[in-house]
Amino acid sequence: MAELVAANSNVRQPPTVAERLIAAAATSPEVHDWIARQIKARRKPSEILVLLPDRVLH
């Protein structure tokens, strides 16, 4: 198993939900504040990503 992990260590994994939210929050103060409000409202991070406009995520 360790050999398999070592062999794949150069392969970049897709970004996590948290990484995608952080990247989206960095696009503008307004988006950052909106995401913060969603988190405080106890929305799931995956739900927040669905609600974000595509232009923020790409």
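Here is a short report on the structure shown in this document.

Reading guide: rules and limits
- Along each chain, numbering runs from 1 in the same order as the chain's sequence is written.
- Owing to the predicted nature of the model, reporting of local features is limited to residues with pLDDT of at least 70; listing and counting of side-chain atom pairs is limited to 80 or more, with chain, interface and lining totals taken over all residues.
- Side-chain calculation: all heavy atoms of the structure are included, whereas hydrogens and water are not.
- Segments assigned H or I by DSSP are reported as helices when at least four residues long, segments assigned E as strands when at least two residues long, and all are numbered from the N terminus.
- The cut-offs for exposure are 20% and 50% of the maximum accessible area for each residue type, with area from a 1.4 Å probe on protein chains only; residues under the lower value are buried, those over the upper are exposed, and the others partly exposed.
- Residue contacts are defined here by distance: any two heavy atoms, one from each residue, within 4.5 Å place the two residues in contact.
- An expected span of 1.5 Å times one less than the residue number is assigned to each helix.
- Starting at the helix axis, one direction is taken to each C-beta atom, and the arc is that of these directions.
- The term nonpolar core refers to a set of buried residues drawn from Ala, Val, Leu, Ile, Met, Phe, Trp, Tyr and Cys, joined through side-chain atoms within 4.5 Å.

1. With respect to the side chain of Gln38
- You can see Gln38 is positioned in helix 3 (residues 29–40).
- The class of Gln38 is buried, set by a relative accessible area of 12%.
- Every residue in contact with Gln38, bar those within four places of it in the chain, is listed here: Arg43 and Ile48.

2. So, helix 3
- Here helix 3 contains 12 residues, and its C-alpha end-to-end distance of 16 Å stays within 8% of the 16 Å for a straight helix at 1.5 Å per residue.
- Buried within helix 3 are the following residues: Val31, Ile35 and Gln38. End-on, the buried residues of helix 3 take up no more than an arc of 60 degrees, which puts them together on one face. Opposite the packed face of helix 3, turned more than 90 degrees from it, sit the exposed residues Pro29, Glu30 and Lys40.
- Arg42, located one to two residues past helix 3, shows a positive phi value of around 70 degrees.

3. A few points about the nonpolar core
- Of all hydrophobic cores here, the largest spans 8 residues; its members are Leu21, Ala24, Ala25, Val31, Ile35, Ile48, Leu49 and Leu52.
- The element contributing the most residues to this core is helix 2 (residues 17–25), with 3 residues.
- Once residues lying within four places of it in the same chain are set aside, the contact partners of Ala25 are Val31, His32 and Ile35.

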